[in-house]
Amino acid sequence: MILYGQQNISEQDIEAVSKVLTSSHLTQGNVGIAFEKKLSQICHAPYALAYCNATAALHASCLALGVNNQDIVWTSPISFVASANCALYCGATIDFVDIDSQSANMSVHALKNKLAIADRENKLPKVLIVVHMAGQSCDMAAIYQLTQQYDIKVIEDASHAIGGSYHNHPIGSCNYSDITIFSFHPVKIITTGEGGAALTQSGDLAKKLALYRSHGITREPELMTNKDEGPWYYQQIALGYNYRMTDIQAALGLSQLERLSYFIQRRNVLAKQYDKAFSNTQFQALTQMNGSTSSYHLYVIKNANWSQDQKVSLFNKMREKGIQVHVHYIPIHLQPYYQELGFALGDFPKAELYYQQALTLPMHTKLTNEQQQYIIRTLLDLG
Ligand SMILES: *Cc1c(COP(=O)(O)O)cnc(C)c1O
């Protein structure tokens, strides 16, 4: 089976992990710190904190921004459920902003309208979580301008997007947001097995992100409520979690980062080849903004003519031919759990239409040109 996404592990990665296994620290050691430092350098953000996964990093980010059961959080319906679940973990109310059909990213136009209505009704969100779908940044300058106007905090769920850039800044720089999140799940751009990170420009947020990552415990005298009682002393000052990444994982991540530019370059070559093959056919690629480089976590094509039956049949035939096509994503508001919260079919029509039309083709750095040609031929034959 040609997988839709897959990790790329080198001998050097294996050596880096083995080295940690025979060292003194399997967790909370120097390799974890080195990984964070490298992330911070690559992404031009002063603070980077590694987590056990991106979901935990999203949760901690909501907590660091003070999200609680009085608050509203908005995100995109075309994302993995974790982008919305993190707000529910904090007891907040979740709502969605419809997408732009061409890019599948949050629509700036829909956001603007929804903000104006929410402002009149006094129901503005505390936090907006944007999702860089398939690896392409949302239009952050426009989004940030709107959120500044209403004093709303911004989290970039860049789970798909490490290595990409927007307006000449690496994604993760937080030039237009408070916090950026990455995922290092094996299907993503680089992997640590399970893993994630939160990046920020704010020293204050970085302290809170560290606090919620590790039980709400601090050793920093200025955060303590009373006097230090000795060198062993620490205080729990908030209810935190154990969301740390091990040094075993960090060693893999640090080694993978060395090949990040190669990974992005290869994914962009594959994307161009797909684009070329599908231009002037019934299939449309997601449109790419000027001034933006996608990391191409996913390669999605759309066919406006597909009925549900046709899509299911094509999906099954592609899989029979050994090609693991996929669909990203089932709109979050259509999940039974979210329907019980009151969302219904018809709430976000562009997201729902996109879901009918979209198909994910294999995209990863182990994909050969021959395999890609086979995928293209098979799809055009069956399409
Ligand atoms: C993968 C993913 C997540 C969750 O990442 P984990 O590291 O598996 O927790 C969150 N948001 C998006 C958009 C994702 O693709």
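Residues numbered from 1 in each chain as written. Predicted model: local features only at pLDDT ≥ 70, side-chain atom pairs only at ≥ 80, totals over all residues. Heavy atoms only, no water.

### Describing the site of the ligand
Close to the ligand lie 15 residues; Thr55, Asp157, His160, Ser183 and Lys188 are nearest. Between aspartate 157 and the ligand, the recorded distance is 2.7 Å, taken from a side-chain N or O atom to a nitrogen atom. One of the side-chain nitrogen or oxygen atoms of serine 183 is found 2.8 Å away from an oxygen atom of the ligand. The protein chains hide 93% of the 380 Å² of surface that the ligand would expose on its own. With respect to the detected pockets, the ligand is housed in the second largest pocket. When contributions to the shell around the ligand are tallied by element, the ones reaching two or more residues are α3 (54-64) and α4 (82-89). (Near = heavy atom within 4 Å. Polar contact = N/O pair within 3.5 Å; in protein donor to acceptor, adjacent residues only side chain to side chain. Areas by Shrake-Rupley, 256 points an atom, 1.4 Å probe, with all protein chains shown as cover. 1 Å grid on protein atoms, 1.4 Å probe; cavity = no way out; pocket = protein on both sides within 12 Å on 5 of 7 lines; lining within 4 Å. Sits in = over half its atoms within 2 Å of the grid points. Helix = DSSP H or I, 4+ residues; strand = E, 2+ residues; numbered from the N terminus.)

### Notes on the pairing of strand β1 (residues 47-51)
A large share of β1 lies buried, amounting to 4 of its 5 residues. Bridge count for β1 against strand β9 (residues 196-200) is 5 bridges, and the pairing is antiparallel. Bridge assignment links leucine 49 to a residue of β9, and that residue is alanine 198. (Buried < 20%, exposed > 50% of the residue type's maximum accessible area, 1.4 Å probe, protein only. Pairing = 2+ DSSP bridges.)

### As for the layout of surface pockets
Each pocket or cavity is described by its volume, and for the largest pocket that value is around 750 Å³. The wall of the largest pocket is formed by 31 residues, among which Gln28, Glu36, Ala210, Arg213 and Ser214 lie closest to the centre. Elements with a minimum of two residues in the lining of the largest pocket: α2 (30-43), β1, α7 (203-213), β10 (217-218) and α8 (247-257). Of the residues belonging to the lining of the largest pocket, the class tally is 14 nonpolar, 9 polar and 8 charged. Every residue lining the second largest pocket is counted, 28 residues in all, and those nearest its centre are Phe80, Val81, Ala82, Lys188 and Tyr329. Counting residues per element, the ones that place at least two in the lining of the second largest pocket are α3 and α4. Here the lining of the second largest pocket takes 3 residues from α3, the largest share from any one element. Two domains share the lining of the second largest pocket, each providing at least three of its residues, namely domain 1 (11-257) and domain 2 (260-382). (Points joined across faces, edges and corners; volume = space filled by probe spheres on them. Nonpolar A, V, L, I, M, F, W, Y, C, P; charged D, E, K, R; others polar. Domains from an automatic or database assignment.)

### Remarks on the domain arrangement of the protein
Interface extent is often summarised as the accessible area lost during association of the parts. Structurally, the protein comprises domain 1 (11-257) and domain 2 (260-382). When each unit is reduced to the centre of its C-alpha atoms, the spacing between domain 1 and domain 2 is 26 Å. The junction of domain 1 with domain 2 conceals about 3,200 Å² of combined surface from both sides, 62% of it contributed by carbon and sulfur atoms. The interface formed by domain 1 and domain 2 contains 20 residue pairs in polar contact (both at pLDDT 80 or more). Elements with a contribution of two residues or more to the side of domain 1 that touches domain 2: α4, β3 (93-96), β6 (165-166) and α8. Tallied by class, residues from the side of domain 1 that touches domain 2 come to 22 nonpolar, 16 polar and 5 charged. (Buried area = accessible area lost by both parts, 1.4 Å probe.)

### Details of the nonpolar core
Formed by 53 residues in total, the largest nonpolar core has its most connected members in Tyr51 and Tyr354. Looking at this core, the elements that each hand over two or more residues are β1, α3, α4, β3, β4 (127-131), β8 (179-183), α7 and α12 (349-357). Element by element, the count of residues in this core is highest for α3, at 8 residues. Two domains each donate at least three residues to this core, and these are domain 1 (11-257) and domain 2 (260-382). The contacts of tyrosine 354, once residues within four sequence positions are left out, are Ile78, Ile99, Ala104, Met133, Leu286, Val300, Lys302, His328 and Tyr329. (Core = buried A, V, L, I, M, F, W, Y, C linked by side-chain atoms within 4.5 Å. Contact = heavy atoms within 4.5 Å.)

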